[in-house]
Amino acid sequence: IHDFCSLSFREQPIFSTRAHVFQIDPNTKKNWVPTSKHAVTVSYFYDSTRNVYRIISLDGSKAIINSTITPNMTFTKTSQKFGQWADSRANTVYGLGFSSEHHLSKFAEKFQEFKEAARLAKEKSQEKMELTSTPSQESAGGDIQSPLTPESINGTDDERATPEVTQNSEPRAEPTQNALPFTHSSTISKHWEAELATLKGNNAKLTAALLESTANVKQWKQQLAAYQEEAERLHKRVTELECVSSQANAVHTHKTELNQTIQELESTLKKKEEEIEGLKQEIDNARELQAQRDSLTQKLQEVEIRNKDLEGQLSDLEQRLEKSQNEQEAFRNNLKTLLEILDGKIFELTELRDNLAKLIECS
C-alpha cells in the first residue's frame, strides 16, 4: 500500500484507458478470473528514479495490476476487444477487455513503445556497468550469468475457458477459447531461445578462457620442469663444492646463496601449483556450465515439440468447427425446404376445404 501511496512522488501517469481486468486462475491455470466488477482505469506509469515503466490499475484502494514492463514481455491481441500479457515477476497472466477495437489497438501501441524504451534503458544501464567495471571483473568467469529458473515461465498448455461476465454499463470483451495456449507456447519458446543465445555467448567466452588456461598450464609445467632441473644441478654443485676442503669458506657462502635460491624457487613452484589448481577449478566450472547448456537445449527441443502438438490440436479444432458449421447450414436448408413443402400442403388443404364447403352448400 505504501508503494502505491508514493506513486504521485516517484511516478507520473503517461497514458490511461478503461478496461475490464482479468487474471488467470492461479490454481487451475485454465480459466480467466475477473478482478474488477466493472471497467476500471488502467494506466502506464514512468518511474524516473529507476527508469522503468509499469502498468498499474486500482479498484478503489486495491491494486489489481502492478506489472513492470520488461523487454521480454509481449502483448497479444486474442480477439477484437481482448488482449493479454504474461508477467513472470508476478507469476500470472493479465487480460484486458476493452469497449472497442480502437482502445485495444491504442493500448497495444503504447505497450510496444514503452517495451522498446525499457529495452533501450536496459542496454544503456549495461553499457554503464561495463564502462565502470574493473579489469579484474572482466575475467573469463566474470560474465557468466545464472540461468533463469522455470518459475519465470507462465501459462498452461490447456485451453482457457471464457470467464462469466456480469452485466454492467459498458460492454465487456471476452477472451477466446484457444488463443491463450498458443500465446503461452510462443512466449515459452521465445524465452528459451533468448536463454540459449545467452548460454551460447557464455560458452564461447568459457571456451576461449579454457584454451588460454590450457596453454598457461603447459607453459607452467615446462617452467616447473626447468626449475626442478636447475634445483638438481644446484644440489650437485653444492655437493661438489663441499668436497673441496681448500675452499671451505667460499663453499659455505656459496652454499648459503644456493639454499636461498632453492627456497625462492620452491616458493615460486608452490605459487604456480596453486595457480594450476585454480585453473583446474575453472575448467570444472566450465564443464558444469556446458552440461547446463545441454540440459536447457534439450528442454527447448521438448517445448518446440509440445508447441507443434498444440498447433496440430488447434488445426484439428478449426476443422471440426468448420465441419459443424457446414452441417448446421445444410440442416437449415433442409428445414427451409420442409417449410416450403408444408406451406404448399397447407394451401392445398385450404383449397380442398373451401371446395368441400361449396359442395355442401350446393347440396
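Residues numbered from 1 in each chain as written. Predicted model: local features only at pLDDT ≥ 70, side-chain atom pairs only at ≥ 80, totals over all residues. Heavy atoms only, no water.

- Per an unreviewed UniProt entry, the recorded name for the protein is Homer protein homolog 1, and the organism is Pygoscelis adeliae.
- Note on the protein: under the UniProt heading Sequence similarities (unreviewed entry), the record states "Belongs to the Homer family." (UniProt positions renumbered as here; feature names shortened; annotations may be inferred.)

Topic: the overall build of the protein
Move 1: Of the regular secondary structure elements, the protein holds 5 helices and 8 strands.
Move 2: Helices (α) and strands (β) of the protein occur, in sequence order from the N terminus, as α-α-β-β-β-β-β-β-β-β-α-α-α.
Move 3: Expressed as a percentage of contacts within the protein between residues at least 6 apart in sequence, the contacts between residues at least 24 apart total 63%.
Move 4: Counting every atom, the protein has about 24100 Å² of accessible surface; 52% of that belongs to carbon and sulfur. (Helix = DSSP H or I, 4+ residues; strand = E, 2+ residues; numbered from the N terminus. Contact = heavy atoms within 4.5 Å. Areas by Shrake-Rupley, 256 points an atom, 1.4 Å probe, with all protein chains shown as cover.)

Side note on the pairing of strand β7 (residues 82–87)
Move 1: When you tally the buried positions in β7, you get 6 out of 6 residues, the bulk of the element.
Move 2: Every second residue of β7 is oriented toward a common face, with F82, Q84 and A86 on one face and G83, W85 and D87 on the other, all of them buried.
Move 3: Remark: 4 residues form the turn of the hairpin made by strand β6 (residues 76–77) and β7, two consecutive strands paired antiparallel.
Move 4: Relative to strand β8 (residues 92–97), β7 is paired through 6 bridges, and the arrangement is antiparallel. Residue pairing across strands places G83 opposite L96, the latter belonging to β8.
Move 5: Here β7 folds back onto β8 in antiparallel fashion, the turn holding 4 residues, of which N91 has a positive phi close to 55°. (Buried < 20%, exposed > 50% of the residue type's maximum accessible area, 1.4 Å probe, protein only. Pairing = 2+ DSSP bridges.)

Things to note about the environment of A286
Move 1: Inspection of the secondary structure assignment puts A286 in helix α5 (residues 248–362).
Move 2: Considering only alpha carbons, one finds A286 and N203, 83 residues apart in sequence, at a separation of 7.9 Å.

Re the pattern of salt bridges
Side-chain pairs of opposite charge can arise where the charged atoms are in close proximity.
Move 1: Applying the stated criterion across every chain, the model contains 9 salt bridges.
Move 2: One salt bridge connects D47 with R50, and the closest N-O pair in it is separated by 3.0 Å.
Move 3: R119 is the salt-bridge partner of E116, the closest N and O atoms lying 2.2 Å from each other. Of this pair, E116 and R119 are both found in helix α3 (residues 101–132), 3 residues apart, which corresponds to roughly one turn of the helix.
Move 4: Shared partners join several salt bridges into a network, and the residues in it are E116, R119 and E123. (Salt bridge = Lys/Arg side-chain N within 4 Å of Asp/Glu carboxyl O.)

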